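What follows is the residue order along each chain.
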Amino acid sequence: MDSTARKVLLGMTPAELESVAAEAGLRPFAAKQMARRLYVGRVSDVAGMTELPKVAREWLAANYTVGREAPRMESRSADGTVKYLFATRTAQVDYLTGGSRGGHDVEAVYIPDHDRATLCVSSQAGCRMGCRFCMTGQQGFHGSLTAAGILNQVLSIPASETLTNIVFMGMGEPMDNVGPVLRAIEVLTAPWGLAWSPKRITVSSIGKLDTLRRLLDETKVHVAISVHSPFPSEREGLMPVERAFPIQDVMKVLRGYDFAHQRRLSAEYIMWRGINDDMRHADALARLLKGTACRVNLIRFHAIPGFEGAPATQQAMEAFRDRLNSLGVTATIRASRGEDIEAACGMLAGKEGEAGE
């Protein structure tokens, strides 16, 4: 069988693995053995599933692949941040669905910070949201990652076993690929998977309400909403999705959920000089967030080609933060990491071209 035709085990649930076990002539309990090897033992090939009989492993190897692929490249920042480039198609597996198939890489960013080690993962190659200030959005949409393509980023970096947090803030809009994102979260948090607490996971969204509701109803992960302006007309100029998903409607929905106990809600707010960094915007943002228990992450803009906005000054960001805090909204300035390797917020773009070129 052509290796590209083999099915991928990574991302499967125990129920799905039971079907695989039956195909291989194994009893149902073999599914638990396979799940343990995939997610606890973190095997990279079927040969590592040593509890299974040799003949079953040979059959599995001919028809299935684990779906683990090491990153193609890495770039290291002076501040310790590491950016990893992952192929979306290899000789073993195709991680991309929808859009164009293969040939568009994705990036994940590892951010060590004292006792925390965070991985920023991608959910799509490119993005169709079209945010003007984002390099991923500027490259257009090339396809959505499978659950295996998302999980591979988590499991295949060198520091995988020391990760403390995962943020879905890389390439793509997670809620535009909700099925695989939810499946990846299930594997990360299920007792038969990596058994993480949902509190270790944050999902960022522009506020795509039709699928955001599914995330809110089906998980307890933290949620981050990209706001960037409290004024609809200004936000639309930065984020065309404001027309389809007005930020006022997003906040109205979010007020219906409890963010005071099990999960946290935050607003992402990139700051540009003379565009959204004055007290008028701070006051309007506080009004917008009223009743949501939402905290604000203020983010310095990182310049990209094709967008003329300049970063807000540190003085303006501190004044903005202090104004929000005085109005009862918890606000902090996020430290910029990895800008020298184009790994900072809004700078991820991947690399076009077939893997191995």
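Criteria and thresholds
Residues numbered from 1 in each chain as written. Predicted model: local features only at pLDDT ≥ 70, side-chain atom pairs only at ≥ 80, totals over all residues. Heavy atoms only, no water. Phe/Tyr/Trp six-rings, centres within 6.5 Å; stacked < 30°, edge-to-face > 60°. Helix = DSSP H or I, 4+ residues; strand = E, 2+ residues; numbered from the N terminus. Buried < 20%, exposed > 50% of the residue type's maximum accessible area, 1.4 Å probe, protein only. pLDDT = per-residue confidence, 0-100. Contact = heavy atoms within 4.5 Å. Pairing = 2+ DSSP bridges. Axes fitted to C-alpha atoms, helices over the stretch in contact; angles between N-to-C directions. Core = buried A, V, L, I, M, F, W, Y, C linked by side-chain atoms within 4.5 Å.

**Considerations on the packing of aromatic side chains**
Inference 1: Following the criterion strictly, the structure yields seven aromatic pairs and no others.
Inference 2: Between the aromatic rings of W272 and F301, the centroid separation amounts to 5.7 Å while the plane-to-plane angle is 50°, which identifies the pairing as tilted. Pair noted here: W272 is in the loop between strand 13 (265–271) and helix 10 (279–289) and F301 is in the loop between strand 14 (294–300) and helix 11 (314–326), with a separation of 29 residues, a long-range link. For the pair W272 and F301, one class covers both residues: buried.
Inference 3: Centre to centre, the rings of W272 and F307 are 5.7 Å apart; their planes meet at 55°, and the pair counts as tilted. Highlighted residues: W272 in the loop between strand 13 and helix 10 and F307 in the loop between strand 14 and helix 11, separated in sequence by 35 residues.

**Let's talk about the confidence of the model for the chain**
Inference 1: Residue-level pLDDT values for the chain average 92, and 94% of them are 70 or greater.
Inference 2: Under a pLDDT of 50 for its full length, residues 352–357 has, in the predicted model, 15 contacts with residues more than four places off or in other chains.

**Observations concerning the sheet that holds strand 14**
Inference 1: Spatial ordering of the open sheet is given by 3-4-6-7-10-11-12-13-14-15, a layout of ten strands whose pairing is mixed. Both outer strands of the open sheet, strand 3 (73–76) and strand 15 (331–333), are each paired with one neighbouring strand and no more. Direction aside, neighbouring strands of the sheet carry axes that sit 20° apart on average.
Inference 2: Across three bridges, the pairing between strand 7 (residues 116–120) and strand 10 (residues 165–168) is parallel. Residue pairing for strand 10: L119 is matched across the bridge by I166.
Inference 3: Strand contacts of helix 7 (residues 209–218): strand 11 (201–205) and strand 12 (222–226), with the helix running at about 160° to strand 12, the strand carrying the most contacts.

**Describing unusual backbone geometry**
Inference 1: One non-glycine residue, A195, adopts positive backbone phi at about 60°.
Inference 2: Tracing the backbone through its elements, the reader meets A195 in the loop between helix 6 (178–189) and strand 11.
Inference 3: Here the phi dihedral of H228 falls at roughly 70°; this positive angle occurs in a residue that is not glycine.
Inference 4: Position of H228 relative to the elements: it lies in the loop between strand 12 and helix 8 (232–238).
Inference 5: For H228, a relative accessible area of 4% corresponds to the buried category.

**Here we look at the side chain of T13**
Inference 1: Secondary-structure assignment places T13 in the loop between strand 1 (7–8) and helix 1 (14–23).
Inference 2: Given a relative accessible area of 10%, T13 falls into the buried group.
Inference 3: Every residue in contact with T13, bar those within four places of it in the chain, is listed here: R183, E186 and W192.

**Remarks on the nonpolar core**
Inference 1: With 108 residues, the main nonpolar core has F133, I225, V296 and L324 as its most contacted residues.
Inference 2: Element by element, the count of residues in this core is highest for helix 6, at seven residues.
Inference 3: Those residues in contact with L324 that lie beyond four places of it in its chain are A282, L285, A286, V296, L298, V329 and A331.

**Considering the sheet that holds strand 8 (residues 124–126)**
Inference 1: One open sheet holds the three strands; their spatial order is 5-9-8, and the pairing between them is antiparallel. Of all the strands in the sheet, just strand 5 (96–97) and strand 8 have a single pairing partner and so form its edges.
Inference 2: As judged from the three bridges shared by strand 8 and strand 9 (residues 141–145), these two strands associate in the antiparallel manner. Its bridge partner being in strand 9, Q124 is matched across the sheet by S144.

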